[in-house]
Amino acid sequence: MTSATAFKRWRVKEPSIIPGFGLTLGFSLAYLSLIILIPLAGLVWRASSLSGAELLAILTDARTLAALKVSFGTALIAAAVNAVFGVLICWVLVRYDFPGRRLIDAMVDLPFALPTAVAGISLSALYAPQGWIGAWFAPFGIRIAYTPIGITIALIFIGLPFVVRTVQPVMEEIDRDVEEAAATLGANRFQTVFKVLLPGLAPAILTGFALAFARGVGEYGSVVFIAGNIPYVSEIAPLLIVIRLEEFNYAGATAIATIMLAISFAMLLVINLIQAWSRARYGHD
Amino acid sequence: MTRPARLFTLAAASLLATLLVAPQVMADTTLLNVSYDPTREFYKDFNAAFARHYKAETGETVTIQQSHGGSGKQARSVIDGLEADVVTLALESDIDAIAANGGKIKPDWRGRLPNNSAPYTSTIVFLVRKGNPKNIHDWGDLVKGDVQIVTPNPKTSGGARWNYLAAWAWASKEFKGDQAEIRAYIADLYRRAPVLDSGARGSTVTFAQRQIGDVLLAWENEAYLAGEEFGKDAFEIVVPSMSILAEPPVAVVDANVDAKGTRKVAEAYLQYLYSDEGQNLAAKHFYRPARREVVKPELLKALPDIKLVTIDDPIFGGWKKAQPEHFGDGGIFDQIYKPAR
Amino acid sequence: MTDRMLRKPHLRSPTDETLLTKLVLIGIGGSFLAFFLFLPLIVVFVEAFRNGIGRYWDALVEPDAAAAIRLTLTVAAIAVPLNLVFGVAAAWAIAKFEFRGKAFLITLIDLPFSISPVISGLVYVLLFGSQSLLGPILKRYGIEILFAVPGIVLATVFVTFPFVARELIPLMQDQGTGDEEAALSLGASGWQTFRFVTLPNIKWGLLYGVLLCNARAMGEFGAVSVVSGHIRGLTNTMPLHVEILYNEYNMAAAFAVASLLAALALVTLALKTLLEIRFDAGNAGGRRH
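Residues numbered from 1 in each chain as written. Chains lettered and ligands numbered in written order. Predicted model: local features only at pLDDT ≥ 70, side-chain atom pairs only at ≥ 80, totals over all residues. Heavy atoms only, no water.

Residue and element names in this part refer to chain B. With a phi close to 50°, K176 is a non-glycine residue in the positive phi region. Structurally, the position occupied by K176 is in the loop between α6 (158–174) and α7 (179–191). When its relative accessible area of 75% is taken as the criterion, K176 is described as exposed. (Helix = DSSP H or I, 4+ residues; strand = E, 2+ residues; numbered from the N terminus. Buried < 20%, exposed > 50% of the residue type's maximum accessible area, 1.4 Å probe, protein only.)

The biggest cluster of nonpolar side chains holds 230 residues, and the ones touching the most others in it are A:Y127, B:V87 and C:I109. In terms of residue count, the dominant contributor to this core is helix α4 (residues 62–95) of chain A (15 residues). Beyond its immediate stretch of four places on either side in the chain, C:I109 contacts A:L32, C:F86, C:A90, C:I94, C:F161, C:P162, C:A165 and C:I169. Core analysis: the second largest hydrophobic core is formed by 72 residues, B:V143, B:A171, B:Y272 and B:F316 among them. (Core = buried A, V, L, I, M, F, W, Y, C linked by side-chain atoms within 4.5 Å. Contact = heavy atoms within 4.5 Å.)

Let us look at the packing of aromatic side chains. Enumeration over the complete set of coordinates arrives at 48 aromatic pairs over all chains. Between the aromatic rings of B:Y190 and B:F333, the centroid separation amounts to 5.2 Å while the plane-to-plane angle is 80°, which identifies the pairing as edge-to-face. Note that B:Y190 is positioned in helix α7 and B:F333 in helix α15 (residues 332–336), a separation of 143 residues in sequence. B:F333 matches B:Y190 in its accessibility class, with the two residues each being buried. These aromatic residues form a ring-pair network of at least three members: B:F42, B:Y43, B:F46, B:F50, B:Y54, B:Y120, B:Y269, B:Y272 and B:Y287. The positively charged end of B:R129 is found above the aromatic ring belonging to B:F207, 4.0 Å away from the centroid. Over the ring of C:F196 we find C:R195, and its NZ or CZ is 4.9 Å from the ring centre. (Phe/Tyr/Trp six-rings, centres within 6.5 Å; stacked < 30°, edge-to-face > 60°. Lys NZ or Arg CZ within 6 Å of the ring centre and 35° of its normal.)

Contacts between the two partners involve 19 residues from chain A and, on the opposite side, 24 residues from chain B. Summed over both partners, the interface of chain A with chain B buries about 1800 Å², with 54% contributed by carbon and sulfur atoms. The largest per-residue losses of area from chain A upon contact with chain B belong to A:Y232, A:E246 and A:F248, which jointly make up 34% of the total buried on that side. For the pair chain A and chain B, the interface holds 0 salt bridges. Counting across the interface, chain A meets chain B through 2 residue pairs in polar contact (both at pLDDT 80 or more). Elements represented by at least two residues in the side of chain A that touches chain B include exactly α12 (221–227) and α13 (237–246) of chain A. Broken down by element, the side of chain A that touches chain B gets its largest block of residues, 3 residues, from α13(A). Taken together, the residues that form the side of chain A that touches chain B break down as 12 nonpolar, 4 polar and 3 charged. (Buried area = accessible area lost by both parts, 1.4 Å probe. Salt bridge = Lys/Arg side-chain N within 4 Å of Asp/Glu carboxyl O. Polar contact = N/O pair within 3.5 Å; in protein donor to acceptor, adjacent residues only side chain to side chain. Nonpolar A, V, L, I, M, F, W, Y, C, P; charged D, E, K, R; others polar.)

The next subject is the packing of helix α3 (residues 63–96) of chain C against helix α8 (residues 162–175) of chain C. All names here are of chain C. For the pair α3 and α8, the least separation of the axes is 8 Å and the interaxial angle reads 30°. When the interaxial angle is binned, α3 and α8 end up roughly parallel. Like other packed secondary-structure pairs, α3 and α8 cross with a definite hand, here right-handed. Each of N83, L84, F86, G87, V88, A91, W92, I94, A95 and K96 in α3 lies in contact with α8, whose residues at this interface are V164, A165, L168, I169, M172 and Q173. (Axes fitted to C-alpha atoms, helices over the stretch in contact; angles between N-to-C directions. Parallel < 35°, antiparallel > 145°, perpendicular 65-115°, else oblique. Left-handed = near helix turned anticlockwise from the far one by under 90°.)

The subject of this paragraph is a nonpolar patch on the surface. Taken together, the side chains of A:W136, A:F137, A:F140, A:I142, A:I149 and C:F35 define a hydrophobic patch exposed on the protein surface, amounting to about 630 Å² of accessible area. With respect to the helices, strands and loops of the structure, C:F35 is situated in helix α1 (residues 19–48). (Patch = residues over 30% accessible without salt bridge, like charges linked within 9 Å, V, L, I, M, F, W, Y side chains within 5 Å. Areas by Shrake-Rupley, 256 points an atom, 1.4 Å probe, with all protein chains shown as cover.)

Next up on the list: the interface of chain C and chain A. Opposite the 98 residues of chain C that make contact, chain A presents 100 residues. For the pairing of chain C and chain A, the buried interface totals around 9300 Å² over both sides, and the portion due to carbon and sulfur atoms is 77%. Seen at the junction of chain C and chain A, the total is 1 salt bridge. Between C:K272 and A:D109 there is a salt bridge, and its shortest N-O distance comes to 2.4 Å. Linking chain C with chain A are 10 residue pairs in polar contact (both at pLDDT 80 or more). Ranked by residue count, the leading element in the side of chain C that touches chain A is α1(C), at 18 residues. Here the residues of the side of chain C that touches chain A are counted per class, giving 64 nonpolar, 18 polar and 16 charged.

Another point: the sheet that holds strand β3 (residues 86–88) of chain B. Residues and elements named next belong to chain B. Taken together, the 4 strands give an open sheet; going across it, the order is β2-β1-β3-β10, and neighbouring strands pair in mixed fashion. The strands lining the two open edges of the sheet, one partner per strand, are β2 (62–69) and β10 (250–252). In this sheet, adjacent strand axes meet at a mean angle of 20° when their direction is disregarded. Bridge analysis of β3 against β10 gives 3 bridges, and the strand direction is antiparallel. Within β10, the position partnered with V86 by the bridge is V252. Across the sheet, helix α11 (residues 263–272) lies against β1 (29–36), β2, β3 and β10, angled at about 165° from β10, the strand it touches most. (Pairing = 2+ DSSP bridges.)

Right, let's get into the packing of helix α12 (residues 238–246) of chain C against helix α13 (residues 251–278) of chain C. Residue and element names in this part refer to chain C. The geometry of α12 relative to α13 is characterised by a closest axis approach of 8 Å and an angle of 160° between their N-to-C directions. In this view, α12 runs roughly antiparallel relative to α13, as classed from their interaxial angle. Crossing geometry of α12 relative to α13 is assigned as left-handed. Across from M238, P239, H241, V242, L245 and Y246 in α12, the residues of α13 making contact are M251, A253, A254, V257, A258, L260 and L261.

Structure, rendered in structure tokens:
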């Protein structure tokens, strides 16, 4: 059984009377390997069969670079918008009591629950030139759907709950004494919020920002419907992977996927580092 | 303490029940037809007709499943293991790709059915907005003023390749074979394409639904269909002075039918495309039937006479030459394609 | 941690903003949510019923749509329990024991969250495609994975992999090992300890994780789209069917199927809120994805 070998290999654990360590860890590792690690290793293996020059040629191809730029650029803007409005929404939800607060609180999670394809067709119906919102902008020559603005809007939709749900619990735990102390020492409300409260929330905001950003970079379902998919302009990296696959260009698909995978992994490490740092400094994550 | 457990059991039981009750109606024989984009409506009708015919003929029930997408993409799926019994794609070179990569189709497929295995043909026309506001009448008008063109991605879509080749054929005649001028024209054309969808259907949605662009380069049947779907007063079809003879071929996927034991019915299915009923249905859906003589004249009236260049014309030299030259990696399309930024 | 949802009534604290500031902030937040969250949801239902209830119903009972609904339920019914078992096992190992490499293991479990769904599908295409190493071998034994239900299930399991585990790990870490140690020292077996001590403690967190896992499993688009093959009535899940209908200019039907998924999302949110209201948020906390 895998559990027995796993038990031996992971011998370096603190002793405990609780049973099931070998079984549960063995099962977890086996399942993790089967579903996640082996398939990902397959991807990396496939990419490693490309020569360095080939890999470089694909990654420095103007279209690949443009797609990565679109993905990262729109995800960055969307995450930044979400960081600002997400914190504001958190503030409203945590500090104020008003009719419908609970409803709004519940609805913030909608993007987690709503399938991305549904969000995609619905957003493009809204923001298309003849859509409910798009129609207001069309007379001024402003196009939202099928441009990078459309992508950004889809990513704002997708990323909002990451910021709100990361910041909210931390904001709820803020000790009001700190604010009172600041007020007593003569700080006005503006100073208290921006010089005292927000710095304390920074790690949580940063984590939420990073989570929204990571999700935005990889997002596909909601974006393809609203993006317009114009190479060099509104073509996102995940779509380029799909296009390369459809063109029988496995090398291209694999290379782009590998670089995105590496970036995802790096993002995750960064997020974990922020949290570790915040735990060490502020005692919460 | 047992409440959550009961809850789980209940949930699990109800889920299981849903699955068991869900009727999995399995017909005697099932065929999978992997096709390209604009054939959806045609095969919906044709599959019903064939099932009726086959039942009457042999007493067996056959169900046909469909998969649609850009032609190149569909070929990729078949190469990767999509269990197609028959492929009805937009281009010879896509079926050739299946034959070349993994050999699921024997290389001689093109000679097995009449008309180079193309039971119907089509061509490329323009779809413009009502009243033709940009005054587009021929290929030359596409690169005038601020005209925006909607066409799919030639890398993934068969129709897009026919669009490209039709434009090339016109330019070749217009510029008397001057390569530099032809390339400049094609480059200009694609610079005016704000969107490159992966299939013809995606482009039609872009043009008709999303209201992007002034002209859609479309399969003739797709253009008529868009007219029907969105109302006759939304669009006009413009027939250019010349176009290309598009031959969407069909083939049995040898490796798959032999593994599944469906060769007989798969071959009957493709044969039936050439029957009187199959040909009339094709014409009804605005395809140009291979056997015009068996088709009701009123169905043919909708399909105007156009001067059509074939892929075997010396300017292209057949798919085997044209495919790598124009659409291969680093081919002419890759060289000239620099979309507006 | 545990009083996360217990809002102390700070109505007129000296550190409050003026009423006007409050109203402006609520207004900004509310409009932002209205534009980005509420309106898209409303559009789905408006478009779905645009042509009347009759057409709406027709779109749902149409055989391909019905098959898509069935497939989506089947896939979720397989993927969710698999990830449930994994989630419990992983949380047990990680929360109840101290061992080296734990942080790295948690990062690995989180990985699917930050991987593009397209890549999640691609890895299985590379693994099981006809051009791969495994594909032809499986083919010889008549095992179909890619472009068939198993591939769709695998891609879904990949994408929804962390949901239950991610919900349970912080929860079980918070609860510590005291209860279990007490039960064990009183002579309970390991299984009994889990069944009668641990499970009741984590049941709401577990339900919460399952809820989110299920919502994502039924709604996954990118990963499934890459492995599905798009065979109508056979390998089309509901989100893929929405796309197909959308590409057939059949907006009303596309939004009809989409509205079912949106309704599912609303039910998910309602149940989730219920869980949070009734059972202290500490049970349903953690990082929510």
